[in-house]
Amino acid sequence: MIKKILYKKNKGFTILELLVVVAIIGLLSAVVMASLNSSRSKGRDARRIEDIRQIINATELYFNATGKYPSRAQFENPIKAQNPLSLYLWPIPKDPKTNLQYNFSGVRTGGVNTPCTGYHVGVSLENNNKVLQSDSDFSSIANNCRVAPNGSGTSGGNNGFNGIDTPSGTNQYKYDIRR
């Protein structure tokens, strides 16, 4: 007679097998999250560059209609009816991470009270980017025009900004365009 050897079938997994699977899943998710964060910052940088292009287009349309460029105070005016760019771009784009307005300064070539004959617009990028090789690296601190938010007279607080590409602190790689 043939003896039948009965094997007890184990159903389920051991603790060790479960721990190995959980460790592998954890490792894979850490790698995916690290690459996802890098992709997110690059995506925000791409949006910042596109926002700057939209601001430039709206600024040039405003110049074509009026013969002058807006000042920083006019650019930052939150009231749609008083913001000169609102006819061409509204709402004015803001940084996708901080929700702060982009750097903008009307630039003058004459005296302190002269109208804006140019502009300087920029943003800090999170990553070193090829676009930084073709930006202006201009400082508009001394050359900003001081036009009040309503467009008449002069106004303080219209300070320009330094557009030099330096990876220091929160002011990362500065992408700036000057006209």
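To be clear, the structure that these remarks concern was listed above.
These figures come from a predicted structure and were not determined experimentally.

*Asks:* What am I meant to see in the pairing of strand S1 (residues 103–107) here?
*Replies:* Here is the key point about a regular strand: its side chains alternate between the two faces of the sheet. The buried fraction of S1 amounts to five of the five residues, a majority that puts the element mostly inside the structure. Inspection of the sheet shows S1 paired to strand S2 (residues 118–125) by five bridges, in the antiparallel sense. Residue pairing in the sheet places Phe104 in a bridge with Val121 of S2.

*Asks:* I tried to follow the side chain of Arg108 on my own but got confused; where do I start?
*Replies:* Secondary-structure assignment places Arg108 in the loop between S1 and S2. This buried residue, Arg108, is left without a salt bridge; Glu76 holds the nearest opposite charge, at 16 Å. Of the polar contacts made by the side chain of Arg108, one reaches the backbone oxygen of Ala142; its length is 3.2 Å.

*Asks:* Please explain the pattern of salt bridges as it appears in this structure.
*Replies:* Pairing between side chains of opposite charge can happen when the charged atoms of each approach one another. Within this structure, the stated rule accounts for nine salt bridges. Its salt-bridge partner being Asp51, residue Arg47 comes within 3.7 Å of it at the nearest N-O pair. Placement of both Arg47 and Asp51 in helix H1 (residues 15–66) is noted, with a separation of four residues, approximately one turn of the helix. Of the charged contacts in the structure, one is a salt bridge between Arg179 and Glu60, with a shortest N-O distance of 2.9 Å. In this pair, Arg179 sits in the segment after strand S3 (173–178) while Glu60 sits in helix H1, placing the two residues 119 residues apart along the sequence. For Glu60, a relative accessible area of 18% translates into the label buried. Taken together, the shared-partner salt bridges connect Arg44, Asp45, Arg48, Asp95, Lys97 and Glu126 into one network.

*Asks:* Help me understand the state of the cysteines, please; the structure alone is not making it clear to me.
*Replies:* Covalent bonding between the sulfur atoms of two cysteines defines a disulfide. Evaluated as defined, the whole model comprises one disulfide. Here Cys116 connects covalently by a disulfide to Cys145, the sulfurs 1.7 Å from one another. Taking the sign of the S-S torsion, 70 degrees for the link of Cys116 and Cys145, the bridge is right-handed. Of this pair, Cys116 sits in the loop between S1 and S2 while Cys145 sits in the loop between S2 and S3, and the two are 29 residues apart along the sequence. Cys145 carries the same exposure label as Cys116, and that label is buried.

The rules behind these values
Residues numbered from 1 in each chain as written. Predicted model: local features only at pLDDT ≥ 70, side-chain atom pairs only at ≥ 80, totals over all residues. Heavy atoms only, no water. Buried < 20%, exposed > 50% of the residue type's maximum accessible area, 1.4 Å probe, protein only. Helix = DSSP H or I, 4+ residues; strand = E, 2+ residues; numbered from the N terminus. Pairing = 2+ DSSP bridges. Lys, Arg positive; Asp, Glu negative; His and termini not counted. Salt bridge = Lys/Arg side-chain N within 4 Å of Asp/Glu carboxyl O. Polar contact = N/O pair within 3.5 Å; in protein donor to acceptor, adjacent residues only side chain to side chain. Disulfide = S-S within 2.5 Å.

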